[in-house]
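Summary of structural features
One-letter residues, chain by chain:
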Amino acid sequence: MDQLFRFVTGRAWLMLAILTGVTGLAVDQLVDFETGRFLLEIDPSENRLLPEGDESKQFYDFVRKAFGNDETMLVAVRTDDLFTAESLSTVERLTTRLGLVDGVHHVTSIVNAIDIRGSEFGIDVEPFVREVPDDPEALEELRQRVLDNPVFAGNLVSNDARTAAIIIQFLDFSDREFINRGTDAEIQAIVDAERGGAEVFITGGPHIKVAQVQYQLADWKRAMPLILLGLGLVLAFSFRTVRGVVLPLLTIVIALVWTMGLAAWQEEPLNLVTSLVPPLMLILGLSYAVHVVSEYYDSVRENPDASSAEAAHHAVMLVAQPLILTAITTAAGFLALALSPIGAISEFGVLALIGITASTLASLFLLPTLLSLLPLPRRTSQTDTGPLARAARVLGDFNLRNRTLILWAYAGLFVAALGAASQVEVGGNSIAAFPADSNVRVHFNAVNEYLEGANPFNIVLRSDKENAFQEPENLRLLEEFQVWLEDQPEIGGTTSVADFIKLINRGFHENRPEYLAIPETRRLAAQLLFFGSSEDLLGFLDGRRQLANIRVRANVMDRTIVSDLVNRINARMQDFPEGIVGTVTGNPILKNRLAETISRGQALSMFSALAFIYAILIVFFLDWRTALRALLPNALVVVFFFGALGASGVTLNLATSIIGPMALGIAIDDTIHYFVRFTQDAKRYADERRAMGSALIAVGRPVTYTTIAICTGFFMLTTSDLTPQVQVGALGAVTLAFAWLVDVTLTPVLCSGLRVVTLWDSLTLDLGEDPANTIELFKGLSKTQCRWVALMASMRQLPAGQRLMQAGEQGRELYVIIDGTVEASVDRPEGRLVLRRQGRGDTVGVVGIFNRLRSANVDVIEDARVLRLTQKNMQRLASRYPRTAAQVFRNLGEHVAELLSDTTEKLT
Amino acid sequence: MRIPRPIAPLPATLLAFALVLSGSWASRADSEAPASVDAVPAGVVGVVGSVDEVLDCVKLNAPTESSEQLVEFSAFDRIGGKRVSRAKILGKRFESDSLRRVLLRFTKPLEVRGSAFLAIEQDTGSPDMFLYTPEIRKTKRVTGQGGGGKLFGTDFSYEDFARWQGLNQPGASERLPDAVEAGKPVWVVQTRPAAEAESSYDRVVFFVDRETCVTLKTESYERGDEPRKILTADPGQLLEEGGVWFATELLMRDLRDETHTQVVIEDVEVDRGLKDSVFSLSKLDRNRGR
């Protein structure tokens, strides 16, 4: 690693060229330089959010294939009276022009909907409006005909005859293609040009999705600079230098470019969840860059004579390992999301993992490169440690005095949060994501009101018999079921093959009203369908007539209300005769299903995140109990998040479901920082209570600054127009602020009485130069093996004058002198006899390991650092690293032999 | 290279294509002798230059007076569901007005047995159409342009059916560059229906086999460059009967609705002599073929 970073800082121009090249490639993937178009697309499709194998999704896909694309756009024309020449002309113009738009399958409105009319001369199969009439009688006759038609009244014309619906059906292409074609804008332009004096409202799934993308892009344009500004302010306050602000910001922006460039290269569009990655990467990446810059300033301050490259090298060497470790823990949170059954969340997890990797690489390579190239700063950052340090000291004292109180307080909070968490509702309402005064929401609500429902779904009835739905009894079943459906307050209207066949029947019977009924015989029904069949019927009846589709227009969007409605429908369908099964499907139902999957996926993600992080902590602390103590405060953070979710009434939705695992991954970093520092200080002072406070003072400042930076970033997301982004911003900031509070109060309390050896210790363990050749017990061992032995033991600092061993005492351990000097002596009647002086590398008190009495006193002459190795340690070493242990025992044997020889020599 | 656009006013044009395609019968503007394969392609192939010559080629490959055939329609929905209907199709050109009539009598499915459909060609505009349904026991005239849907549950609209059966569809034609279709060299003719036809199509393109004068493919465009429907004839299933070439297996695909209909023609008889009365409205309720 040393050589690597020496290369980075020593050949900074070359590194800069390489990294510029990489960035250039990423930019090339992101932007089409010829057109200036941004190549990374957003796919707002909700269908693909569900797992491919999901039964509901498969059935929905089947229904969509059988009965056509249900993703329609609806243009509602509102006038004082629709049945005037002017109003109808507006509808006619719009219908004609919208039908010519590329990608439009067909357009249906009152002017081109087919009316089957019978007379004594025959059957007239014509559109309602062949030519727009202008005499009042003809208009009145048209009004009566339309409002008398059960298929179109309420669907194409509102029951108050003031609003006309123009339904646009599209070819079956993806949402992404719909956006790329610019179809929505074209439709909007036509509506603007042809609306005349009428009020026109546009809504429908495709339109809402386009709006989502537009809002998302607008959001990026506004939120990203705001986040950078907020982070910049925190940096300015923290470092108070230009480079302290510019370099970290530049680093996170370039890391983001790398991440997005990779996504664009994979031709993976962003979805509704991964579109959160760019702002999050800016927020999360900053702490890595801050650590490097902070360490750089420390290096410059400590070694004013060092060059820029040397200072950068020193800084990156110091931060590399902890930075990688914290990146791994953060990544663990995202890795848990990558395992989600929901494609969009899984993609978010993967992209965020890539982002974390990019941020780490940028902080470790780009930032030191830039620091090396810049001249040494004239002033190092002035950090205002005074108030913070004082506050940390006060807090440390408070923690010490109130350990029990703190534990009880958090226990209470845990119970309260758990209670609030039980109120969490799973949900999502795509229209509620937009501002209340936005066009997309206003138009949706207007259509919902004027046409009694703008949220369509399907109920598909299946029979096991061919031609079942040309049987009058089954057609009557449909008819009765529709009557029941339309009695439900959430339903504005329904359409099925029963409506069509009634109209055909009436048409074939001279338009006599009594024939607006289900045919009496099977043969008549079959013959009417045979000759009266139209393209429209494809959307309601399959070729074998075993599947009948009822299109339902709901006037509600809220998941809970829709869910309640679906439950009622399902209960009603239990009354169907044997052989006929009904299934509710469509976009609202998929959204409900998605919510259920989010709920299940959230549990999986949280459990996975906790498991991953616990595993990392075990590896890190080399002890499962310590790992559990470190995990506990962070688990509390997760419970707090769900409590906040429940208390605030925000639903667990696609966006908010990422917060829990992500917060856990971020929060654990601070806990690790504290634990590491606490352990070091506990060893240094041999006093856990003191270490509790000193560790808080030491890590309080960086932890607080990075928390402020991250919370500021999250807070900036609350400026979004999209509700989910606001929710992520607010809940993310609150949760991470709480995590900070836990880390400065509960974590220290939990740490008290703890002595831990961490992986960090093993990596930073100072055994001095060339331990294998300078420490006799380590002879023949590699550097790693030396560390294994040291980790099994414990390091002690011994001040001069301290007695290490007392002759005659029961020995239980031996000591290896890492540095310093000790002296072995025995007390004789004639006085103290010094046996020998020992220094680095020597082994002292070997007999102790064999439970023998000490034969001599050992005193510390110069401050010493010794490795204490007990019999238990040796057994542990033998079981874990038998080969290493064998070499250590061999060395011990040689040492004892030498000692024996030496003593014998002295005695003779 | 695009051939200049000679406009052919055409009552007969589309008719001729459709006749050959369906293996049905055709009008003959004059009283020429029945076209023989030997006579038509030998004299035409390779020397056709104008659109009229292509149309003549097609026109001559047609029954002189009448035809009968059994047709089975297998309509497939979007999910592969199949619905079969079977009918006897009778066609005759009336000497009195030189206009044609086409009668379908359905034998399958059982529920529609006895149903009949009669199309009567008009001098101008679209043909008159009549339905007879046994359950209502009345003959009904169908008017209006709304029949652009799925006639008999197949992928043929009233207009497609009329074109397939060679009934008058006014429009203007032009030659497009020759091509190869299903491995066979073809002449390509494009027709734009006239306004009075009230067609749902903007244009229809025919690919005529240069060897047999059978139309191997018909593309119907509503707008733009993507056809809405394509009717193809299997060139390996061409049949010669009474000196006329027939396509006996066809496939109508609705590209927009993603449905298709297979058409299989059997028992073709040409110029056996059908009485005019068979095609009278008053006899639609009679379940007879002759």
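Thresholds applied
Residues numbered from 1 in each chain as written. Chains lettered and ligands numbered in written order. Predicted model: local features only at pLDDT ≥ 70, side-chain atom pairs only at ≥ 80, totals over all residues. Heavy atoms only, no water. Core = buried A, V, L, I, M, F, W, Y, C linked by side-chain atoms within 4.5 Å. Buried < 20%, exposed > 50% of the residue type's maximum accessible area, 1.4 Å probe, protein only. Helix = DSSP H or I, 4+ residues; strand = E, 2+ residues; numbered from the N terminus. Domains from an automatic or database assignment. Disulfide = S-S within 2.5 Å. Contact = heavy atoms within 4.5 Å. Buried area = accessible area lost by both parts, 1.4 Å probe. Salt bridge = Lys/Arg side-chain N within 4 Å of Asp/Glu carboxyl O. Pairing = 2+ DSSP bridges. Axes fitted to C-alpha atoms, helices over the stretch in contact; angles between N-to-C directions.

Observations regarding the nonpolar core
By size, the foremost hydrophobic cluster in this structure holds 132 residues, and its most contacted members are Leu-280, Phe-348, Leu-617, Tyr-674 and Phe-714 of chain A. Tallying contributions element by element places helix α10 (residues 277–302) of chain A first for this core, with 15 residues. Two domains share this core, each providing at least three of its residues, namely domain 1 (1–39 + 240–383) and domain 2 (386–422 + 602–764) of chain A. In terms of nonpolar packing, the next biggest core, distinct from the first, is built from 125 residues, Val-497 and Val-566 of chain A together with Val-112 and Phe-207 of chain B among them.

Regarding the state of the cysteines
All names here are of chain B. For the coordinates displayed, the defined rule picks out one disulfide over all chains. The disulfide that involves Cys-57 links it to Cys-213, with 1.6 Å between the sulfurs. As the torsion about the S-S bond is roughly -60 degrees, the Cys-57-Cys-213 disulfide counts as left-handed. Of this pair, Cys-57 sits in helix α3 (residues 51–60) while Cys-213 sits in the loop between β10 (203–209) and β11 (215–221), placing them 156 residues apart in sequence. Both residues of the pair, Cys-57 and Cys-213, count as buried.

Here we look at the interface of chain B and chain A
Every contact between the two is made by 44 residues of chain B and, on the other side, 45 residues of chain A. Buried area between chain B and chain A, summed over both chains or domains, comes out near 3,700 Å², and the portion from carbon and sulfur atoms is 53%. Counting the surface chain B buries against chain A, the share from its top three residues, Arg-78, Arg-83 and Glu-111 of chain B, is 19%. For the pair chain B and chain A, the number of links is four salt bridges.

Some thoughts on the sheet that holds strand β7 (residues 163–170) of chain A
Consider a sheet: its strands pair through backbone hydrogen bonds, and that pairing is either parallel or antiparallel. All names here are of chain A. Sheet architecture is open: four strands sit in the order β4-β7-β3-β8, paired in antiparallel fashion. Sheet topology places β4 (104–108) and β8 (199–204) at the edges, where each strand pairs with a single neighbour. If you compare each strand with its neighbour and ignore which way they point, the axes differ by 20 degrees on average. Alignment of β4 against β7, held across four bridges, turns out to be antiparallel. Across the sheet, His-106 pairs through a bridge with Gln-169, a residue of β7. Strands β3 (73–78), β7 and β8 of the sheet are contacted by helix α8 (residues 205–239), whose axis makes an angle of about 85 degrees with β8.

Brief notes about the domain arrangement of chain A
Each assigned domain of chain A is listed with its residue range as follows: domain 1 (1–39 + 240–383), domain 2 (386–422 + 602–764) and domain 3 (765–907). Taking only C-alpha atoms, the centre of domain 2 of chain A and the centre of domain 3 of chain A are 41 Å apart.

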